[in-house]
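# Report on the structure
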Amino acid sequence: MSGAKALSFATVRQLGKMLRNGETTPTELAEFYIERLERIGSQLNAVVTITRDLAMREARLAEEELAAGHDRGPLHGIPYGAKDLLATSGIPTSWGAGPLKDQVFPFDAAVIERLRNAGAVLVAKLAMVELAGGMGYRQPNASFTGPGINPWNTDAWSGGSSSGSGSAVGAGCVPFAIGSETMGSILTPAGFCGITGLRPTYGRVSRRGAMALSWTLDKIGPMCRTADDCGLVLAAIAGPDPDEPSTLDASFHYRPDRDRSAGFRIGVMREGIQHTQHDVRDNFERSLDELSRIATLEEVTLPDFPYSPTAELIIRSEGTAALEPLITSGKVKELTAPEDRTGGYAGYAVPAVDYLRAMRIRQHIMTELETLFSRYDAVAHPSFDMVASPLDISFEEYRGERRWSTLSAAGNLAGLPAITVPNGFGERNLPTGVQFVGRAGEDGRLLSVARSYQQQTSWHTRFPKW
Amino acid sequence: MTGSDNGREQYAISRQRASEIASQFPGRLNDSELEQVAQRVDRLFRAIEEIRKYPLENGDEPAPIFRPIGKEQP
């Protein structure tokens, strides 16, 4: 790889070494990635705002501190992008929605604060599906910045709702980004763009200052090149927040040197495999062969629950409540996707008793899944049943008769951590992925599994031609 | 009653509920948009139908645990 190419796709850990041995500086890195965001990120509809002034201030500070021997840790001086639902003081935070494109908050989200304290440099607010998909979008063109474009094939979608976070990391426009997931919004774009995305345990990362879609389902997590980088970023953003009551009391410490790299016990979930695309299935089977070098594998099935209907009722009820001002004011009419202009109204049809019924079933789901997942270091499953859909057709049209597994709904309902890592390519040269889902609170163990998988494979070192 | 009769009746209920919602926002939705809302409502009603099949006991509490705000007693 050429110098520029190597820098574009360097990991956080590699960049940290380069900064400390004098090969580059925080201001050089900020300039380098801002240029890529302007030139490439804009072509991929990945960028909402480039935060140049802030970035250069933060980079100069990092430079001075590192020169003075004040080292804030592995993210010090490293540029990153944030999904545009995280509040940034004085800088617009659009939530991906045209009617809110000039919205400005007078405070920073907790994640932005924590990354600043870790010395990271915010270079861009990244594009996303409008309102994080809370209005039920059904095709890629659902953001005022245009459809998220896949760095591997510009006729394909980037995935959503953390679209810009996925494509910017995938195209080497930032070393890492922050995304959020209510039901698939980290794992989908990470999987589609061929990067590594971590959905932490619910409550692991404070959501203070983030757009709420579903108070009981929203999570914030890192989107990076490797599982190791996800661990470094998670360690910086995780932890209790007295001003955010859903945060877990326990701190998270990332200690890869103390973790196992083999001897794992992994459950293999095959539900829905017969409906996946051939390449997805073949790549998953190859992943299982690779995993068998570091783990014992055992077939598992999820206990029988109405996962998808339960999740849908919770998201629609909470989403309509959370975004009600946009519905009542009529601003939803200004959204990009026609289906999003009417999608919020249906949530009013859910009776309170049925919302509570869903939440009562959810308690059973959590209990049963704790029993199941406590037996494994992780459960493996394809990240998605197909590669990214073409830009110009609806998801349903591309999906056809395929019916996807219920693991995403189950894992999100129970607040379980999950990580997707690239595991090959499918049709139209688009990446496929394998996901590992872990026991609630065991983010570190999940990272160990994914890191060990990446030590056995090289898919995370393949990059698109940008 | 056939399955399709049942489906039509179910959809009529969804359409009615969508109209009630639309009446809270006078002049907001045209016929085609109202139809889209009805389809979404119908989908949610089917989800409700599914979860109502799951048996629950009186003591089954919802997932979020209510915690009063205040200092814990020693």
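Use the structure listed above.
Residues numbered from 1 in each chain as written. Chains lettered and ligands numbered in written order. Predicted model: local features only at pLDDT ≥ 70, side-chain atom pairs only at ≥ 80, totals over all residues. Heavy atoms only, no water.

## Observations regarding the state of the cysteines
Residue and element names in this part refer to chain A.
- For the coordinates displayed, the defined rule picks out zero disulfides over all chains.
- Here Cys 193 is not disulfide-linked; the sulfur of Cys 173 is the nearest cysteine sulfur, at 11 Å.
- For the unlinked cysteine Cys 224, the closest cysteine sulfur is that of Cys 230, found at 3.8 Å.
- Assessed through its relative accessible area of 0%, Cys 224 is described here as buried. (Disulfide = S-S within 2.5 Å. Buried < 20%, exposed > 50% of the residue type's maximum accessible area, 1.4 Å probe, protein only.)

## Points about the packing of aromatic side chains
- Applying the stated criterion across every chain yields a total of 17 aromatic pairs over all chains.
- Here the aromatic rings of Trp 157 of chain A and Phe 192 of chain A are separated by 6.1 Å at their centres, their planes lie at 70°, and the arrangement is edge-to-face. Of this pair, Trp 157 of chain A sits in strand β5 (residues 153–157) while Phe 192 of chain A sits in helix α7 (residues 187–193), placing them 35 residues apart in sequence.
- Taking relative accessible area as the criterion, Phe 192 of chain A reaches 3% and is therefore assigned buried.
- Residues Tyr 345 of chain A and Phe 25 of chain B carry aromatic rings whose centres are separated by 5.2 Å and whose planes lie at 70° to one another, so their mutual orientation is edge-to-face. Here Tyr 345 of chain A is found in the loop between α12 (338–342) and α13 (352–373), whereas its partner Phe 25 of chain B is found in the loop between α1 (3–23) and α2 (31–52) on a different chain. Comparing Tyr 345 of chain A with Phe 25 of chain B, the two get one shared label, buried. (Phe/Tyr/Trp six-rings, centres within 6.5 Å; stacked < 30°, edge-to-face > 60°. Helix = DSSP H or I, 4+ residues; strand = E, 2+ residues; numbered from the N terminus.)

## Remarks on helix α10 (residues 307–322) of chain A
- Taking 1.5 Å of rise per residue, the 16 residues of α10 of chain A would be expected to cover 22 Å, and the 22 Å separating its terminal C-alpha atoms lies within 8% of that figure.
- Counting buried positions along α10 of chain A yields 13 of 16 residues, so the element is predominantly enclosed. (Expected span 1.5 Å × (residues − 1).)

## What to know about the pattern of salt bridges
Residues and elements named next belong to chain A.
- In total, this model carries 34 salt bridges over all chains according to the counting rule given.
- Lys 125 is the partner of Asp 84 in a salt bridge, and the nearest nitrogen-oxygen pair spans 2.9 Å. Placement of the pair is Asp 84 in the loop between β2 (79–83) and α5 (110–117) and Lys 125 in strand β3 (residues 121–126), with a sequence separation of 41 residues. Residues Asp 84 and Lys 125 agree in their burial class; the two are buried.
- Members of the salt-bridge network, linked through shared partners, are Arg 260, Asp 377, Glu 442 and Arg 445. (Salt bridge = Lys/Arg side-chain N within 4 Å of Asp/Glu carboxyl O.)

That's the geometry; what it means functionally is another story.
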